[in-house]
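A closer look at the structure
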Amino acid sequence: ITQREYLNKTFQYLNIPIDPNLNTSFNGINEFLNEINDLKSVWSSISVLSDTLNNINEMKWAEVKPIDLKKLLDDLLQKSRNMPTKVRQYITFIQIQNSIKKLIQSIPIITSLKNESLSERHWNELFSQIKLSKDKISSINDLKFGSVISLDLSENSNFLKKIIQNAQGEKN
């Protein structure tokens, strides 16, 4: 099979119109392949951020240490800021970066929620009031960080603070 026949078959397979000028067509394929490689690079970069956030969300709440979490999130935010412009222009990247920033802003509330005064009863109250869920928490040890984040900490900070204050008052 000649190079031209091979190229024609490739064009047909990819549904690219065949240009009688082989050089122009070859340049078109190179541009197409370069664009695909760029997209692979972009999505692999974004997936690093996304995978890290997913791993954080899967952490058990009992194992979350706010100081370590803050450092991890700060490092992740810095890593995102160091990514090339071609990565930072995608809406998915912007959404992930905003999620990181929102988590960093929630660190004070997260720290408050780590208060030992909060019992399972308080956690059930938090989830039932905020998520309007009838599901009870079987054990704080089974609670995942992502579940805590789903409480929309910044939006519900006043209610969360009230529950924390009540729990501290009960303990004293």
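Details of the structure are given in the entry above.
Residues numbered from 1 in each chain as written. Predicted model: local features only at pLDDT ≥ 70, side-chain atom pairs only at ≥ 80, totals over all residues. Heavy atoms only, no water.

Moving on to the packing of aromatic side chains. Taken as a whole and judged by the stated rule, the model has 4 aromatic pairs. Considering the side-chain rings of Trp61 and Phe145, the 6.2 Å spacing of their centres and the 15° angle between planes classify their relative orientation as stacked. One end of the pair, Trp61, is in the loop between α2 (22–57) and α3 (66–81); the other, Phe145, is in helix α8 (residues 145–149), and 84 residues separate them in sequence. In this structure, Trp61 and Phe145 share a single accessibility class: buried. Each ring, one from Trp123 and one from Phe127, has its centre 6.4 Å from the other, and the planes form 35°; the classification is tilted. Taken together, the residues Trp123 and Phe127, both in helix α7 (residues 120–130) and 4 residues apart, mark about one turn of the helix. Both residues of the pair, Trp123 and Phe127, count as buried. Put simply, the rings of Trp61, Trp123, Phe127 and Phe145 pair up and form one aromatic cluster. The cationic tip of Lys114 hangs over the ring face of Trp61; the distance from NZ or CZ to the ring centre is 4.7 Å. (Phe/Tyr/Trp six-rings, centres within 6.5 Å; stacked < 30°, edge-to-face > 60°. Helix = DSSP H or I, 4+ residues; strand = E, 2+ residues; numbered from the N terminus. Buried < 20%, exposed > 50% of the residue type's maximum accessible area, 1.4 Å probe, protein only. Lys NZ or Arg CZ within 6 Å of the ring centre and 35° of its normal.)

Right, let's talk about the pattern of salt bridges for a bit. Using the criterion set out here, one finds 6 salt bridges in the structure. The salt bridge partner of Lys71 is Asp75, with a shortest N-O separation of 3.1 Å. Of this pair, Lys71 and Asp75 both sit in helix α3, 4 residues apart, which is roughly one turn of the helix. A relative accessible area of 53% means that Lys71 is categorised as exposed. (Salt bridge = Lys/Arg side-chain N within 4 Å of Asp/Glu carboxyl O.)

Taking 1.5 Å as the rise per residue, helix α9 (residues 157–171) with 15 residues should run 21 Å; its terminal C-alpha atoms sit 21 Å apart, in good agreement. Those residues of α9 not exposed but buried are Ser157, Leu160, Ile163, Ile164 and Ala167. One side of α9 carries all its buried residues, which in axial view fall inside an arc of 125°. Among the exposed residues of α9, those pointing more than 90 degrees away from its buried face are Asn158, Lys162 and Gln165. Where α9 is buried, its residues touch α6 (107–113) and α7. (Expected span 1.5 Å × (residues − 1). Arc of directions from axis to C-beta. Contact = heavy atoms within 4.5 Å.)

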